[in-house]
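# A structural walkthrough
Below, each chain spelled out in residue letters.
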Amino acid sequence: MSLLEVRDLTVTYANGARAVRGVDLTVEAGQKLGIAGESGCGKSTLALALLRLLPAGTEVTGQILLNGEDVLGMKWGRLRAVRWAGASIVFQGAMHSLNAVHRIGDQIAEPIVLHKTAPAGKVKARVAELLEHVGLPAARAQAYPHELSGGQRQRVMIAMALACAPDLIIADEPTTALDVMIQAQILRLIEQLVAEQDLGLVMISHDLAVLADTCDRLTVMYAGRVVEEGPARQVYEAA
Ligand code: ADP
Ligand code: ADP
């Protein structure tokens, strides 16, 4: 059984825009898949569809199997359990994903409390451990998002994404909003954490070179469809 299997996935927004058209892809446990393609080709839509995070009124057809479980057919309770604990998403520009008025420690604690992945008395310790794991001092738990740099905020998002020990991390342009120097640091961090915990990774980027460096396999999308697929180096050199 594969970690993630997507079959004939088609996504149509409420306004009729068909952003994803018959996409197939597979990620084996511990495998790193890169999804490349120019802006607007449907990469983010695909990422959001994997956890059913698209706006209400969006039509999604086809099949998404996460650890063999049918995500599109799941009841809400099960879906909530799968988000964060089965798969989590690291979005571009953590400023939008983090809540400006809550301390970052409380935000990292949220999925931990929701999924009871640490006993009530151990949540703070678990948050501290996660912060240190992504290279931030535990004391930063007290900070608000605006008190951190862009790179630090992205580290917080990565800590949140890891908090419930998912099998799959979906990283949607995780470094695009960052300075070039910081981009490399965040990429290395993701690579290191994924390798340490043998997680599956779906990494989305408009930058084929970044994906070729990080991923085992590459899928290239164009206008909602997969137009290339194969071992990362091979796809990169053919492009
Ligand atoms: P990418 O991540 O590759 O840049 P997106 O998935 O963001 O691509 O967008 C794919 C297409 O879907 C684009 O044409 C975009 O304009 C459209 N789109 C994205 N979000 C919405 C939405 N909420 N409603 C309608 N169309 C959308
Ligand atoms: P809410 O205000 O209900 O939390 P969100 O749009 O932030 O609305 O989240 C919708 C659902 O997706 C919630 O169940 C939330 O826990 C989950 N969720 C939000 N962000 C992520 C993420 N990055 N990875 C996995 N699950 C997420």
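Below is a short write-up of the structure.

Cut-off values and rules
Residues numbered from 1 in each chain as written. Chains lettered and ligands numbered in written order. Predicted model: local features only at pLDDT ≥ 70, side-chain atom pairs only at ≥ 80, totals over all residues. Heavy atoms only, no water. Near = heavy atom within 4 Å. Polar contact = N/O pair within 3.5 Å; in protein donor to acceptor, adjacent residues only side chain to side chain. Areas by Shrake-Rupley, 256 points an atom, 1.4 Å probe, with all protein chains shown as cover. Helix = DSSP H or I, 4+ residues; strand = E, 2+ residues; numbered from the N terminus. Salt bridge = Lys/Arg side-chain N within 4 Å of Asp/Glu carboxyl O. Buried < 20%, exposed > 50% of the residue type's maximum accessible area, 1.4 Å probe, protein only. Pairing = 2+ DSSP bridges. Axes fitted to C-alpha atoms, helices over the stretch in contact; angles between N-to-C directions. Contact = heavy atoms within 4.5 Å. Core = buried A, V, L, I, M, F, W, Y, C linked by side-chain atoms within 4.5 Å. Parallel < 35°, antiparallel > 145°, perpendicular 65-115°, else oblique. Left-handed = near helix turned anticlockwise from the far one by under 90°. Nonpolar A, V, L, I, M, F, W, Y, C, P; charged D, E, K, R; others polar.

## Some points on the site of ligand 1
- In the vicinity of ligand 1, the contacting residues are Tyr13, Asn15, Ala17, Ala19, Glu38, Ser39, Gly40, Cys41, Gly42, Lys43, Ser44 and Thr45.
- Tyr13 is positioned such that a nitrogen or oxygen atom in its side chain is 3.4 Å from a nitrogen atom of ligand 1.
- The separation between an oxygen atom of ligand 1 and a polar main-chain atom of Cys41 is 3.2 Å.
- About the coverage of ligand 1: the protein hides 60% of its 560 Å² of free accessible area.
- It is helix 1 (residues 43-50) that contributes the most residues to the shell around ligand 1, three residues altogether.

## Some remarks on the site of ligand 2
- Around ligand 2 lies a shell formed by Leu51, Leu53, Arg83, Trp84, Ala87, Ser88, Ile89 and Phe91.
- Residue Arg83 places a side-chain N or O atom 3.4 Å away from an oxygen atom belonging to ligand 2.
- In this structure, Trp84 approaches ligand 2 through a side-chain N or O atom, which is 2.9 Å from an oxygen atom.
- It is strand 6 (residues 87-90) that provides the largest number of residues to the shell around ligand 2, a total of three residues.

## What to know about the pattern of salt bridges
- All told, the structure shown has eight salt bridges when counted by the stated rule.
- Across the salt bridge formed by Arg78 and Glu69, the nearest N and O atoms sit 2.8 Å from each other.
- Note that Arg126 and Glu129 form a salt bridge whose closest N and O atoms lie 2.5 Å from each other. Of this pair, Arg126 and Glu129 both sit in helix 5 (residues 123-133), three residues apart, roughly one helical turn.
- Taking relative accessible area as the criterion, Arg126 reaches 23% and is therefore assigned partly exposed.
- Overlapping salt bridges bring together Glu5, Arg7 and Asp24 as one network.

## Details of the sheet that holds strand 2 (residues 18-27)
- Overall, antiparallel pairing links the four strands, which are arranged 2-1-4-5 in an open sheet. Sheet topology places strand 2 and strand 5 (69-70) at the edges, where each strand pairs with a single neighbour.

## Quick notes on the sheet that holds strand 8 (residues 200-204)
- Taking strand neighbours across the sheet as the criterion, the six strands line up as 6-7-8-3-9-10 in an open arrangement whose pairing is mixed. The strands lining the two open edges of the sheet, one partner per strand, are strand 6 and strand 10 (225-231). Within the sheet, the average angular offset between the axes of one strand and its neighbour, ignoring direction, is 15 degrees.
- The pairing of strand 9 (residues 217-222) with strand 10 spans six bridges and is classified as antiparallel. In the strand pairing of strand 10, Met221 is matched with Val226.
- Against the sheet, helix 6 (residues 150-162) makes contact with strand 6 and strand 7 (168-172), and its axis sits at roughly 175 degrees relative to strand 6, the strand it touches most.

## As for the nonpolar core
- Formed by 47 residues in total, the largest nonpolar core has its most connected members in Ile108, Ile112, Val127, Ile158 and Met203.
- Broken down by element, the residue count for this core peaks at seven residues, all from helix 6.
- Beyond its immediate chain neighbours, meaning those up to four positions away, Val127 contacts Gly105, Ile108, Ala109, Ile112 and Ala141.
- Core analysis: the next-biggest nonpolar cluster, separate from the first, contains 31 residues, Leu9, Cys41, Leu50 and Leu66 among them.

## Thoughts on the packing of helix 4 (residues 104-115) against helix 5
- Following both chains from N to C, one finds helix 4 and helix 5 inclined at 115 degrees, their axes separated by 9 Å at the closest point. Taken together, helix 4 and helix 5 sit at an angle that is classed as roughly perpendicular. Here helix 4 runs over helix 5; the crossing is right-handed. Taken together, the residues of helix 5 that come into contact with helix 4 (itself represented by Ile104, Gly105, Ile108, Ala109, Ile112 and Val113) are Val123, Arg126, Val127, Leu130 and Leu131.
- Classifying every residue of the contact of helix 4 with helix 5 by side-chain character gives nine nonpolar, one polar and one charged.

## Re the side chain of Thr45
- Among the structural elements, Thr45 can be located in helix 1.
- With residues up to four places along the chain from it excluded, the contact list for Thr45 reads Val11, Tyr13, Ala19, Val20 and Leu54.

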